[in-house]
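Secondary and tertiary structure notes
Here is how the chains run, residue by residue.
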Amino acid sequence: IDYGRLNVYDVLPSTLPDLFRGSQLVVSGRYRGGSNAQIKISGTAGGKKRDFNQTFSVPKHADNDFVPVIWASRRIGYLIEEIRLRGENRELVDEIIRLSKKFGIITEYTSFLVREPDAFTAAPRELHKKFAAKAAPTLAMQTGEESVHGAGVAKAMEEKSKVETEYTDSEGNTVKVDSIRRVDGRIFYLTDNRWVEMEVHPKADAIRIKTYSDAYFRLLKKMPSLGAIFALGDDVMFRIGSKIVRIGSEGKETITDEELSKLR
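Presented here is a report on the structure given in the accompanying data block. This is a predicted model, so every value here is computed, not measured.

Counted according to the given criterion, the structure contains 10 salt bridges. Its salt-bridge partner being Glu95, residue Arg98 comes within 3.1 Å of it at the nearest N-O pair. Of this pair, Arg98 and Glu95 both sit in helix H2 (residues 90-103), separated by three residues, roughly a single helical turn.

Let us look at the sheet that holds strand E8 (residues 186-191). Taking strand neighbours across the sheet as the criterion, the six strands line up as E7-E8-E9-E11-E12-E10 in an open arrangement whose pairing is mixed. Two strands lie at the open edges of the sheet, namely strand E7 (180-183) and strand E10 (207-210), each paired on one side alone. If you compare each strand with its neighbour and ignore which way they point, the axes differ by 30° on average. Pairing geometry for E8 and strand E9 (residues 194-197), over four bridges, is antiparallel. The residue bridging Leu190 from the neighbouring strand is Trp195, located in E9. The sheet contacts of helix H7 (residues 214-222) involve E10, strand E11 (236-240) and strand E12 (243-248), and relative to E10 the element is tilted by about 110°.

Looking now at the environment of Val196. Turning to its location among the elements, Val196 is positioned in strand E9. Along the sequence, Val196 and Arg246 sit 50 residues apart, while their C-alpha atoms lie 8.8 Å from each other. Those residues within four positions of Val196 in sequence are excluded, and the remaining contacts are Ile187, Phe188, Tyr189, Thr191, Pro202 and Met237.

Bringing the environment of Asp18 into the picture now. The residue Asp18 is located in the loop between strand E1 (7-12) and strand E2 (28-32) in this model. Judged by relative accessible area, which is 65%, Asp18 ranks as exposed. Along the primary structure Asp18 and Gly43 are separated by 25 residues, whereas in three dimensions their C-alpha atoms are 9.3 Å apart.

Applying the stated criterion across every chain yields a total of five aromatic pairs. Measuring from ring centre to ring centre gives 5.0 Å for Tyr216 and Phe217, while their planes differ by 80°; the resulting arrangement is edge-to-face. Judged by centre distance (6.1 Å) and plane angle (55°), the rings of Phe230 and Phe238 are tilted. Here the two residues Phe230 and Phe238 agree in accessibility, since each one is buried. Taken together, the aromatic side chains of Tyr212, Tyr216, Phe217, Phe230 and Phe238 make up a single cluster linked through ring pairs. Its end group placed over the ring of Tyr9, Arg32 keeps NZ or CZ at 3.9 Å from the ring centre.

Before going further, it helps to examine the packing of helix H1 (residues 66-86) against H2. Remark: H1 packs on H2, axes separated minimally by 10 Å, with the N-to-C direction vectors making an angle of 155°. Overall, the two elements H1 and H2 adopt an arrangement that is roughly antiparallel. Read as a crossing pair, H1 and H2 show a hand that is left-handed. Each of Pro68, Val69, Trp71, Ala72, Arg75, Ile76, Leu79, Ile80, Glu82 and Ile83 in H1 lies in contact with H2, whose residues at this interface are Leu92, Val93, Glu95, Ile96, Leu99, Ser100 and Phe103. Of the residues contributing to the contact of H1 with H2, the split by class is 13 nonpolar, one polar and three charged.

So, how was this worked out
The numbering scheme is per chain: residues are counted from 1 as the chain's sequence reads. Totals for whole chains, interfaces and linings use all residues, but because this is a predicted model, local features are given only for residues with pLDDT of at least 70 and pairs of side-chain atoms are given and counted only at 80 or more. No hydrogens and no water enter the side-chain calculation; it runs on all heavy atoms of the structure. Salt bridges are defined by distance alone: a side-chain nitrogen of Lys or Arg within 4 Å of a carboxyl oxygen of Asp or Glu. Secondary structure elements are taken from DSSP: a helix is a run of H or I of four residues or more, a strand is a run of E of two residues or more, and numbering for both begins at the N terminus. Two strands are said to pair when DSSP picks up at least two bridges between them. In this analysis, axes come from line fits to C-alpha atoms, helices being fitted only over the stretch in contact, and the angle between any two N-to-C directions falls in the range 0 to 180 degrees. Only heavy atoms matter for contacts: two residues are in contact if any of them lie within 4.5 Å across the pair. Classification of residues uses two cut-offs on accessible area relative to the type maximum, computed with a 1.4 Å probe and protein chains only: under 20% is buried, over 50% is exposed, and between them is partly exposed. A pair of aromatic rings is counted whenever rings of Phe, Tyr or Trp (Trp by its six-membered ring) have centres within 6.5 Å, and the orientation is called stacked for planes under 30 degrees apart, edge-to-face for over 60 and tilted otherwise. Consider the ring centre and the ring normal. A charge sits over the ring if Lys NZ or Arg CZ is within 6 Å of that centre and within 35 degrees of that normal. Between 65 and 115 degrees an angle is taken as roughly perpendicular, under 35 as roughly parallel, over 145 as roughly antiparallel, and anywhere else as oblique. If you view the pair so one helix is near and one far, a crossing is left-handed when the near helix is turned anticlockwise from the far one by less than a right angle, and right-handed when it is turned clockwise. As a working rule, the residues Ala, Val, Leu, Ile, Met, Phe, Trp, Tyr, Cys and Pro are called nonpolar, Asp, Glu, Lys and Arg charged, and the rest polar, with Gly in that last group.

Shown next, in the form of structure tokens:
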């Protein structure tokens, strides 16, 4: 694939395999900027060279929330395979954890993030220690059935073409992740029966608004897009610009126009 002037990077799969009639190949990657892109796909079919040219209007920002998640799943699969084959590497581990948190993707090797309540807010060094203790030993290059399973997990993630909130454990069982939600491109995790947006500390100072109060409905009227976040439950903590807001059983029951104007 020739992407022309489009600045493309982190493309997966890095080497395109053969494509057979009736099958499909999903290629995912990242790009900088955005403009009209002349993309050329070249290949050989029946012994003859074939070229396909297409012009795409590429936006500067993604307008489909699921696309970045698919790319991140594939990227994590690639990084897992790198560790499995070549051994633990601090940079690769940090990238796996960062992507897992940012996109809400839990794997067998990062399941400690949802098993341990403080994991999402722990310092990078502590997260690396947890990964090293719980995941790195099972990722080491092995022989036999365990090696086949590890390779299978990585390959399945590298080939993902849909968004899921589940992973496969070491015994081949499908484990659904109920403590993470994706809402309008934001990631929320459940802690102490409260949904907290990723990168927001559950003990952070917040503007507290009482659920179903006049302030609650006025805020929702001002920002209707918050409806999906409010629907998570009666105790939710999230960002509005530089402010942190908590909807819960205690808090403001009324809110002034001036206070609302500060929430942008």
